[in-house]
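Structural overview
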Amino acid sequence: MKIGPAALEDIALGATVLGTGGGGDPHVGKLVARQAIEECGHVKMLQPSELDDDAFVLVSAQMGAPTVAVEKLPGGPEPISSVERVEAEFGRAADAIMPMECGGINSTFPFAVAARKGIPLVDADGMGRAFPELQHETFNVYGVSGTPAAVSDEHGNTCLLDTNDNEQLEWLARGVTIRMGGVAYVTDYPMSGTEVKETAIPGTMTLARSIGRAVQTADGSTVAAIREATHDSIYGTPQSLFEGKIVDVKRRTEGGFVVGSVMVDGLDSDDDRTMEVKFQNENLGARIDDKWVATVPDLITILDRETGDPIRTEALRYGGRVEVLGIPTPEIMRTDAALGVWGPKTFGIDTQFVPLEQ
Amino acid sequence: MNGHRLGVDVGGTNTDAVILDEKDDPIAKTKTPTTENISSGILDAVDEVIDQSGVSVGDLTYVMLGTTHATNAITERRGLNEVGMIRLGAPATESIRPLLEWPDDLAAAIGNNTAILDGGHEFDGRQLNEFDEEQVRDCVRSFDHVDAFAVASVFSPVRDDHEQRVLKIIREEVGPDVPVSLSSEIGSVGILERENATAMNAALTSVAAEAANAFIEAMDERDIDAQLFFGQNDGTLMAVDYALEYPIFTVASGPSNSVRGAAYLSGIENGIIVDVGGTTTDIGALTDGFPRESSVAVEIGDVKTNFRMPDLIALGIGGGSIVEQRDDESVTVGPESVGYRLTDEALCFGGSKLTATDLEAAAGTVDIGETTPDVDGDTVSAAREYIRTKIERAVDRMKTSPEPVPVIVVGGGSILVPDDLEGATQVYKPDHYEVANAVGVAIAQVSGEIDRIYSLDDQSRDEAMDDAKSEAIGNAIEAGSAEDSVEIIDIEEVPLSYLPGNAVRIKVKAAGDLDH
């Protein structure tokens, strides 16, 4: 399948839904990819199953502060420099690029890298949504080393990282990113085709595209349209968790993240009930009164009740009429090992993971 | 008898004018059709109110104009300047070229002259890249055919010195008269949206000069020697010189003036404003006497921008909206409208189109036109119900809490709005509601604003806030407000994710009265 500008539009919108409120604005990634595709041609998208077992696949992402990302846009060559630095380390050219996350800016951005490198992009990722840190990857959960990895900036500086574990990769890469001006470009989790097949979440770019198209063309209920469009995906059945009106939004900065919660007073069938959605950049958990109805890693996305458009955390505002959408994540994201990396407790939410569909 | 104010609002359909006495009470008002030649339409309206009020032109201390001239120029791609766009940010930012997102015809209308040069800053004020004076000079020379320049430097809301250096070079190369728009003076963080707004501003300076000159000529023609102001998007005023430099800040002044006028006429500071015109109804929120601003990027002419704009919902329902009966017996109203042809085409004026105004004429709630139209009672109630539901829903969306709020209805089509809206404590239709926009611009204050990222590593939050406040107050005074009346009217604080040192973005707005 070839991806051009029209498909990118859908992917970017779908990635906002999969970003569950965070992940950075896919709009910028979309424009970067669009210009790269205009200059270098459409991007071929491969299913993981289409990769040779010994194919060499690299993961590419932008890292850093969303506020900086909308101001200091990428120059173009810097994500390529980090890819090339890892290629040099292995003495081997990459056969394909794979996104790190399918939510937010990093869903669309790797299409630019694939276009400029002239190699395919793998229809898969390692987060299945958006998460804040580099160890929040199925690749990490299932034993792939994140390094050797490289981080690069627009001035041609590249930093090669070889770390003891993937938490150290996150810690050091984050520090380098801040020195590089708050945004940098990382290439990590070098993998064989076999490792991709064993550890990546397949079909997530197609999922983003289907969701984006559903939101764009929904006639009536957006949640119903998304349910229809994602019928064949490995994710569970999307459902409406709550409908209501935002009555309070609390935000504060903690350890470099925007942490807070939004209170939604129920309308119609949810009358007399209140939902609280907690977030740390991304939405982490939703409870009605005191009962958790959805938590990480399942997807919790707040939609504008009138237009069906997904609302990012920074745009949540007192008075907004919203519908809270939940999407159950696939099994690969819910194993004990996976929950040990991104279950509710790892984000400070004191509950066991309760699958959304229960 | 000094201290009278004349407010004029030039809309797509009507030009409204009011005169306020020294206590700011309306003593004369008129609604006249907008003319192709704006200046003659303004003159007609001004003559009418001067005549009505009996004040002499010497009593007019201030004259305020609200106009949608700039908005129309963008939507119609008319009269736009060819713009030289210079972005400073290389080697960063090159992966998204300027104008990439613009509709082709709008990009063509401003000439597709773009360059990305070395320079810009990091979020913390460090230099992103060296400023290259020769490179800028060469670029300016290569753009010597353009009518105006737009300059956007990375993180210029944090540090604008590179933009200032480009300005200096442009002045040296092409002289003092070519308009130059700097992004740090137009928008906030988000370079694409800020650059877009800056380019539009540069594109609009000729159109703005045309409107300003028409305004000045009209005043000269009647020997009105008053201080002149333009209404801007946030419901405050700017001096004519400022409007010439920042025409983009006038594009949403119409709805803002209505909100402010409604607040003034009703004496209500917090509520929802419903402004019913001939073709559309704008629903806005009134917060402490000012229009609430939109928190998301606002599209103008299909281009994303990020400067101060009121938060509005526009419904395609107005006094001239056409009522349509569907096959399934349901009834819809609008968005098609007879607009300014109401007095020719509406049933009550002997025309053949069933309009929203005819519903009220048929129901007997208003005595308008030449005949009482004969409309089936079921149709009238279905259509009125349709209008009610649409307005109630929009009012509800603009509210900030479930509690009922006051709803103030203004504009020429106010009769369409029922007196018992759901979610309203009360529906107010204040005196002079039909010219609320002209009243709004006439009573407006003068404002100043600051929007900047502060690092709380080397200063406390209070110090940063004080700095922002005093800059905003300074800007308001510079814009013409009386020093003792300036107040802070809005503070917004956004913590910046991932950045070290607890960086915070602070926006502060101050406004004050004109001296009487």
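What you are looking at is a predicted structure, and each value in this text was computed from that prediction instead of being measured. (Residues numbered from 1 in each chain as written. Chains lettered and ligands numbered in written order. Predicted model: local features only at pLDDT ≥ 70, side-chain atom pairs only at ≥ 80, totals over all residues. Heavy atoms only, no water.)

Notes on the sheet that holds strand β8 (residues 180–182) of chain B
All names here are of chain B. How we decide: A pair of strands is considered paired only if DSSP assigns at least 2 bridges between the two. Working definition: helices are DSSP H or I runs of at least four residues, strands are E runs of at least two. Numbering for both runs from the N terminus. Here an axis means a line fitted to C-alpha atoms, over the contact stretch when the element is a helix, while the angle between two N-to-C directions is reported on a 0 to 180 degree scale. The contact criterion used is simple: two residues touch if any of their non-hydrogen atoms lie within 4.5 Å.
Taken in spatial order, the four strands make up an open sheet running β6-β5-β7-β8, and their pairing is parallel. Edge positions in the sheet fall to β6 (113–118) and β8, since each has one partner strand and no second. The mean angle between the axes of side-by-side strands here comes to 20 degrees, regardless of whether they run parallel or antiparallel. As paired elements, strand β5 (residues 83–90) and strand β7 (residues 148–153) share six bridges and run parallel to each other. What sits directly across from I86, in β7, is V151. Along the sheet face, helix α4 (residues 133–142) touches β5, β6 and β7 and points at about 175 degrees away from the line of β6. Helix α6 (residues 191–221) contacts β5, β7 and β8 of the sheet and is inclined by roughly 165 degrees relative to β7.

A word on the packing of aromatic side chains
Residue and element names in this part refer to chain A. Quick reminder of the rule: Aromatic rings from Phe, Tyr and Trp, taking only the six-membered ring of Trp, are treated as a pair when their centres fall within 6.5 Å; an angle between ring planes under 30 degrees marks them as stacked, one over 60 as edge-to-face, and anything in between as tilted. In this scheme, a residue with accessible area under 20% of its type's maximum is buried, one over 50% is exposed, and one in between is partly exposed, where area comes from a 1.4 Å probe on protein chains only. Two limits define a charge over a ring: the Lys NZ or Arg CZ must be within 6 Å of the ring centre, and within 35 degrees of the ring normal.
One pass over the structure, following the stated rule, counts nine aromatic pairs over all chains. Taking 5.9 Å as the distance between ring centres and 10 degrees as the angle between the ring planes, the aromatic pair formed by F131 and F347 counts as stacked. Of the two residues, F131 sits in the loop between β6 (124–125) and α6 (138–141) while F347 sits in the segment after α11 (336–342), which places them 216 residues apart along the sequence. For the pair F131 and F347, a shared accessibility class is recorded, and that class is buried. Ring-pair connections join several aromatic residues into one group, and the members of that group are F131, W342 and F347. The lysine or arginine in question, R129, covers the ring of F131, its NZ or CZ lying 4.4 Å from the ring centre.

Points about the interface of chain A and chain B
Size of an interface: often given as the accessible area lost when the parts come together. Stated precisely, the cut-off is as follows: Each of two parts loses accessible area, computed with a 1.4 Å probe, when they are put together; buried area is these two losses added. In what follows, salt bridge is the name for a side-chain nitrogen of Lys or Arg lying within 4 Å of a carboxyl oxygen of Asp or Glu. Under this definition, polar contacts are N or O atom pairs within 3.5 Å; protein pairs additionally need one hydrogen-donor-capable and one acceptor-capable atom, and for neighbouring residues in sequence, both atoms have to be side-chain atoms. Each residue is assigned to one class: nonpolar for Ala, Val, Leu, Ile, Met, Phe, Trp, Tyr, Cys and Pro, charged for Asp, Glu, Lys and Arg, and polar for all the others, Gly among them.
With 43 residues of chain A at the contact, the number on the chain B side is 44 residues. Carbon and sulfur atoms make up 56% of the surface buried where chain A meets chain B, a total of about 3,800 Å² over both sides. Ranking the residues of chain A by area buried against chain B places E71(A), L73(A) and R317(A) at the top, with a combined share of 18%. At the boundary of chain A and chain B, one finds four salt bridges. With a closest N to O distance of 2.7 Å, D396(B) and R321(A) form a salt bridge. Where chain A packs against chain B, one counts 19 residue pairs in polar contact (both at pLDDT 80 or more). Of all the elements, helix α2 (residues 26–40) of chain A adds the most residues to the side of chain A that touches chain B, at seven residues. Considered class by class, the residues forming the side of chain A that touches chain B number 17 nonpolar, 13 polar and 13 charged.

So, a negative patch on the surface
Quick note on the threshold: What goes into a patch is any residue over 30% in relative accessible area without a salt bridge, connected to like charges within 9 Å or, for nonpolar side chains (Val, Leu, Ile, Met, Phe, Trp, Tyr), within 5 Å. For every accessible area listed, the method is Shrake-Rupley and the probe measures 1.4 Å; residues are considered covered only by the protein chains on display. Asp and Glu are treated as the negative residues and Lys and Arg as the positive ones, with His and the ends of the chain left uncounted. Charge positions are represented by NZ for Lys, CZ for Arg, CG for Asp and CD for Glu.
Judged by side-chain charge, D327(B), D328(B), E329(B), D374(B), D376(B) and D378(B) come together as a negatively charged surface patch. Within the fold, D328(B) resides in the loop between β17 (321–325) and β18 (331–337).

Concerning the pattern of salt bridges
Applying the stated rule across the entire model yields 46 salt bridges over all chains. Ionic pairing is found between R194(B) and E71(A), a salt bridge with its closest N-O pair at 2.6 Å. Pair noted here: R194(B) is in helix α6 and E71(A) is in the loop between α3 (66–69) and α4 (77–90), and the two residues belong to different chains. Residue class for R194(B) comes out buried when judged on its relative accessible area of 0%. Given the relative accessible area of 0%, E71(A) is considered buried. Among the ionic pairs, D105(B) bridges to R77(B), the shortest N-O distance being 3.0 Å. With D105(B) in helix α3 (residues 104–109) and R77(B) in the loop between α2 (69–75) and β5, the pair connects residues that are 28 residues apart, well separated along the chain. Note on D105(B): relative accessible area 46%, which makes it partly exposed. Given a relative accessible area of 23%, R77(B) falls into the partly exposed group. Three or more residues joined by partner-sharing salt bridges are found here, namely E133(B), R137(B), R141(B), K168(B), E172(B) and E173(B).

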